[in-house]
Amino acid sequence: MQRQIGELVIECVHGDITRQADIDIIVNAANKQLKGGGGVDGAINRAAGPELVKASRALAPIEAGQAVITEAFELPNDWVVHCVGPVYSQKPEVPKQLAACYRNALALAEDKQAGSIAFPAISAGIYGYPLDEAGAIAVQTVAERAREAVSIEHVRFVLFSEDVLAAFSEALSELS
Ligand code: AR6
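Fair warning: this is a prediction, and the values are worked out from it, not measured in the lab.

A.B. asks: Mind showing me how you'd approach the overall build of the protein here?
C.D. replies: Broken down by element type, the protein carries 5 helices and 7 strands. What you see for the protein is a C-alpha radius of gyration of 14 Å, in line with the 16 Å of a compact globule of 176 residues. Considered along the principal axes of its C-alpha atoms, the protein spans approximately 40 × 35 × 30 Å. Evaluated residue by residue, the protein yields a buried proportion of 52% over its 176 residues. Across the protein, the fraction of contacts at a sequence separation of at least 24, relative to all contacts at a separation of at least 6, is 70%. Summed over all atoms, the accessible surface of the protein reaches about 8,200 Å², with 49% contributed by carbon and sulfur. Taking the average place of the 14 positive charges on the side chains of the protein and the average place of its 23 negative ones, the gap between the two points comes to 7 Å.

A.B. asks: Would you take a moment to explain the sheet that holds strand β4 (residues 67–71) for this structure?
C.D. replies: Sheets are built from strands paired through backbone hydrogen bonds, the pairs being either parallel or antiparallel. Pairing is mixed in the open sheet, where 7 strands are placed in the order β1-β2-β7-β6-β3-β5-β4. In the strand order of this sheet, the two ends are held by β1 (2–5) and β4, each with one partner. The sheet shows a mean angle of 20 degrees between the axes of neighbouring strands, direction not considered. Here 5 bridges tie strand β3 (residues 25–29) to strand β5 (residues 79–83), and the two strands are oriented parallel to one another. The residue bridging Ile-25 from the neighbouring strand is Trp-79, located in β5. Its contacts with the sheet put helix α5 (residues 162–173) on β1, β2 (8–14) and β7 (154–159), and the angle it makes with β2 is roughly 155 degrees.

A.B. asks: Where do I start with a negative patch on the surface in this structure?
C.D. replies: On the surface, a cluster of negative charge is contributed by Asp-132, Glu-133, Glu-170 and Glu-174. Secondary-structure assignment places Glu-174 in the segment after α5.

A.B. asks: Please explain the packing of aromatic side chains as it appears in this structure.
C.D. replies: Two aromatic rings, taken as a pair, are described by how far apart their centres are and by the angle between their planes. Per the stated rule, a full pass over the model turns up 5 aromatic pairs. Both rings, one in Tyr-88 and one in Tyr-129, keep their centres 4.8 Å apart while their planes meet at 65 degrees; by these two values the pair is edge-to-face. Placement of the pair is Tyr-88 in the loop between β5 and α3 (93–111) and Tyr-129 in the loop between β6 (116–119) and α4 (131–146), with a sequence separation of 41 residues. Judged by its relative accessible area of 24%, Tyr-88 falls in the partly exposed class. By relative accessible area, which is 3% here, Tyr-129 ends up buried. An aromatic cluster of at least three residues, connected via ring pairs, comprises Tyr-102, Phe-119, Phe-157 and Phe-168. One residue, Lys-112, lies across the ring of Trp-79, its end atom 4.1 Å from the ring centre.

Rules behind the numbers
- Residues numbered from 1 in each chain as written.
- Predicted model: local features only at pLDDT ≥ 70, side-chain atom pairs only at ≥ 80, totals over all residues.
- Heavy atoms only, no water.
- Helix = DSSP H or I, 4+ residues; strand = E, 2+ residues; numbered from the N terminus.
- Rg over C-alpha atoms; globule rule 2.2 N^0.38 Å.
- Buried < 20%, exposed > 50% of the residue type's maximum accessible area, 1.4 Å probe, protein only.
- Contact = heavy atoms within 4.5 Å.
- Areas by Shrake-Rupley, 256 points an atom, 1.4 Å probe, with all protein chains shown as cover.
- Lys, Arg positive; Asp, Glu negative; His and termini not counted.
- Charge placed at Lys NZ, Arg CZ, Asp CG, Glu CD.
- Pairing = 2+ DSSP bridges.
- Axes fitted to C-alpha atoms, helices over the stretch in contact; angles between N-to-C directions.
- Patch = residues over 30% accessible without salt bridge, like charges linked within 9 Å, V, L, I, M, F, W, Y side chains within 5 Å.
- Salt bridge = Lys/Arg side-chain N within 4 Å of Asp/Glu carboxyl O.
- Phe/Tyr/Trp six-rings, centres within 6.5 Å; stacked < 30°, edge-to-face > 60°.
- Lys NZ or Arg CZ within 6 Å of the ring centre and 35° of its normal.

Take a look at the structure:
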């Protein structure tokens with residue numbers, strides 16, 4: 001599933017975010033201590049090698065919604081942005097924190113003059129965000145930011161399972 005919004009291509013693909021060699025920056029769904037973990041965080045740290053967690057821990061702690069950037073070490077990308085998504089709950093700040101992850105990651109990517117960035121489904125695994133809500137927030141936030149984007153021309157959502165791919169693809173197709 002792919003859409004062009006202004007100058008920006010947004011796509012949803014099924015796959016592994018550690019294998020996106022054509023993308024400048026990949027985004028990690030980390031924890032506040034930036035100390036490594038399971039899910040996509042574990043996969044990214046395994047693929048990047050032990051230097052990544054040393055570099056990210058040096059920038060910890062961060063709060064839900066915030067993002068920091070490090071080198072990508074053994075990954076085939078230039079940089080890794082580490083975001084902490086919110087743990088899902090009904091608290092009103094939770095959707096704002098999830099949107100802030102995407103906005104802050106894009107701002108860091110723009111600072112690096114990157115052309116492309118890949119996101120996983122932040123908070124949609126261990127942190128329990130419902131897939132349809134996580135997909136809608138992700139896609140809408142990226143599309144809003146696209147209207148201001150300068151260097152970024154390509155945003156890829158890399159979704160690890162069919163149900164997450166379906167939810168994000170539907171959100172992308174519904175974008176007006
Ligand atoms: N590529 C792309 N997506 C992946 C990959 C991969 N290689 N592996 C898993 N996913 P999660 P969260 C998907 O739990 O909910 C960690 O322990 C996964 O199927 O990784 O933000 C951190 O350290 C799901 O759709 O992140 C934190 O403690 C999505 O990535 C906590 O988990 C996000 O799931 C963060 O939880």
